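Okay, here's what each chain looks like letter by letter:
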Amino acid sequence: MSNIVAIVGRPNVGKSTLFNRLLQKRQAIVDDVSGVTRDRHYGKSDWNGKEFSVIDTGGYIIGSDDSFEAEIRKQVELAVDEANVILFMVDNQVGLTEMDKEVAQLLRKSKKPVLLVVNKVDSNKNLDDSYEFYNLGFEQFFTISSMTGSGTGELLDEVISHFEDTEFIDPFEGLPRVTIVGRPNAGKSTLTNALLGEERNIVTDIAGTTRDTIETHYNKFGQEFVLIDTAGIRKKGKVSEDLEFYSVMRAIRSIEDSDVCVLMVDATRGLEAQDLNILFLAERNRKGVIIVINKWDLVEKETNTMKEFEAEIRNKIAPFTDVPIVFTSAITKQRVHKLVEVIMEVNENRNRRIKTSQLNELMLPIIEVSPPPAIKGKYIKIKYVTQLPTRTPQFAFFANLPQYVKEPYKRFIENQLRKHFNFTGVPIDVYFRQK
């Protein structure tokens, strides 16, 4: 289970500056004007070998009629609910305010570990000013300068002391992880229920019904894997200010942690820009990919045949076109068992290992007939090829002048590998190295 640290406090106390320092990069916008941060920012940090997620929240304001500030309050409360440890930031230069007292009251109700962080203590000269924050009722506080980083080490030592030491044991260790992803209302939960043969997940016509990632053990017909249903991924600008933020983050994290991604596409809408974004995200993470065209029973077959629809999709996803496409209806369970077979095949392809002798016997004659084009009178000679010992298919071709091998020839080599070995649904990496 990942640990989450939320940074909360009233506006302009330096939350985003501390957030950027913990992430060691400028991810959140920082300005002297209060209220710059409206959205919750989410990032990864680590201290003494312990990884954790950090949430930067907007400034908490009570009693305001501003619609943005009402949404910010809601986001802060969600962040507090999600977090394992809360960093309550106050401003040493301004001193204790009524708003700080209100925020302290809210945090005490959370029953979570709350660390009071007095920011903008830039030197020992203004250390005495910080003692008034004992009035908030916390046993201790940490004086820091998020701008310079002083005091943050002691604070982080205390933060990680509240994390559980027990290592999380995955009950599904060793099983392939299959994540169903797609836009909201594409039928992901319906497909999950159809595969499992039971009403495991709530299904409605309302987009965004699923908010959490739900893991289920699939064990039928001699096939076994972990099936993960995720929340629909919308464009960033369309993610509303509520729990959906976390839902999308968990869906993206599920893609990163999976072996095979099943991209659900609504046949009545076709493959849209956001579907392509999800597909490219899975490809960049080197995951096995399957495209499932759901609700095919609702499409007018006279105007759009399966063959035409598939050709249109492959044209859109080029150059990575070696992807299985399954047409189904999750409600009627049409071709659901076919999908299970394709999932297992793609997972097998992702783990495929080709013997070095076999690779050289096949690829070197092809390269001899179609060598890389000469550049500036220099001829590129490839003498040896091997598959690298990586989790996904990666191949190294050893040549005298690897720097002159261009992208079109790399694609030619990849196509030859795909032609002779089954890597359907799996991204391949081809490298040229000095022999």
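Look above for the structure.
Residues numbered from 1 in each chain as written. Predicted model: local features only at pLDDT ≥ 70, side-chain atom pairs only at ≥ 80, totals over all residues. Heavy atoms only, no water.

**What about the sheet that holds strand E13 (residues 382-387)?**
Step number 1: Overall, mixed pairing links the 3 strands, which are arranged E13-E14-E15 in an open sheet. The open sheet is flanked by E13 and strand E15 (429-434), the only strands paired with a single partner. Between one strand and the next, the sheet's axes are offset by a mean angle of 25°, whatever the strand orientation.
Step number 2: Pairing of E13 with strand E14 (residues 394-399) involves 5 bridges; the strand directions are antiparallel. Residue pairing across strands places valine 385 opposite phenylalanine 397, the latter belonging to E14.
Step number 3: On the sheet, helix H10 (residues 356-369) packs against E13 and E14 and is oriented at approximately 140° with respect to E13.
Step number 4: Its contacts with the sheet place helix H11 (residues 407-420) against E13, E14 and E15, and it is angled at close to 120° to E15. (Pairing = 2+ DSSP bridges. Helix = DSSP H or I, 4+ residues; strand = E, 2+ residues; numbered from the N terminus. Axes fitted to C-alpha atoms, helices over the stretch in contact; angles between N-to-C directions. Contact = heavy atoms within 4.5 Å.)

**Concerning the nonpolar core**
Note that soluble globular proteins tend to have their nonpolar side chains buried in a common cluster.
Step number 1: Counting residues in hydrophobic clusters, the biggest one holds 25 residues, and the most contacted among them are Leu191, Leu195, Phe225, Val262, Ile290 and Ile343.
Step number 2: Secondary-structure elements contributing two or more residues to this core are strand E7 (177-182), helix H5 (188-196), strand E9 (223-229), strand E10 (260-266), strand E11 (288-294) and helix H9 (336-350).
Step number 3: Among the elements that line this core, the one with the most residues is H9, at 7 residues.
Step number 4: Those residues in contact with isoleucine 343, other than ones at most four positions away along the chain, are Val178, Phe225, Val260, Val262 and Ile290.
Step number 5: Of all hydrophobic cores here, the second largest spans 24 residues; its members include Leu276, Leu279, Ile317 and Phe327. (Core = buried A, V, L, I, M, F, W, Y, C linked by side-chain atoms within 4.5 Å. Buried < 20%, exposed > 50% of the residue type's maximum accessible area, 1.4 Å probe, protein only.)

**Regarding the environment of serine 146**
Step number 1: Following the sequence through the fold, serine 146 ends up in the loop between strand E6 (141-143) and helix H4 (152-161).
Step number 2: Leave out the neighbours within four places in its chain, and serine 146 touches Gly14, Thr17, Leu18, Arg21 and Asn119.

**Focus: the pairing of strand E1 (residues 4-8)**
In summary, the side chains of a regular strand alternate between the two faces of the sheet.
Step number 1: Within E1, 5 of the 5 residues are buried, which leaves the element mostly enclosed by the surrounding structure.
Step number 2: What you see with E1 is no split at all: Ile4, Ala6 and Val8 on one side and Val5 and Ile7 on the other are buried throughout.
Step number 3: Where E1 lies against strand E3 (residues 50-56), 4 bridges are found, and the strand directions are parallel. Across the sheet, residue valine 5 finds its bridge partner in E3, namely valine 54.
Step number 4: Pairing geometry for E1 and strand E4 (residues 85-91), over 4 bridges, is parallel. Residue pairing in the sheet places isoleucine 7 in a bridge with leucine 87 of E4.

What is shown is where atoms sit, not what they do.
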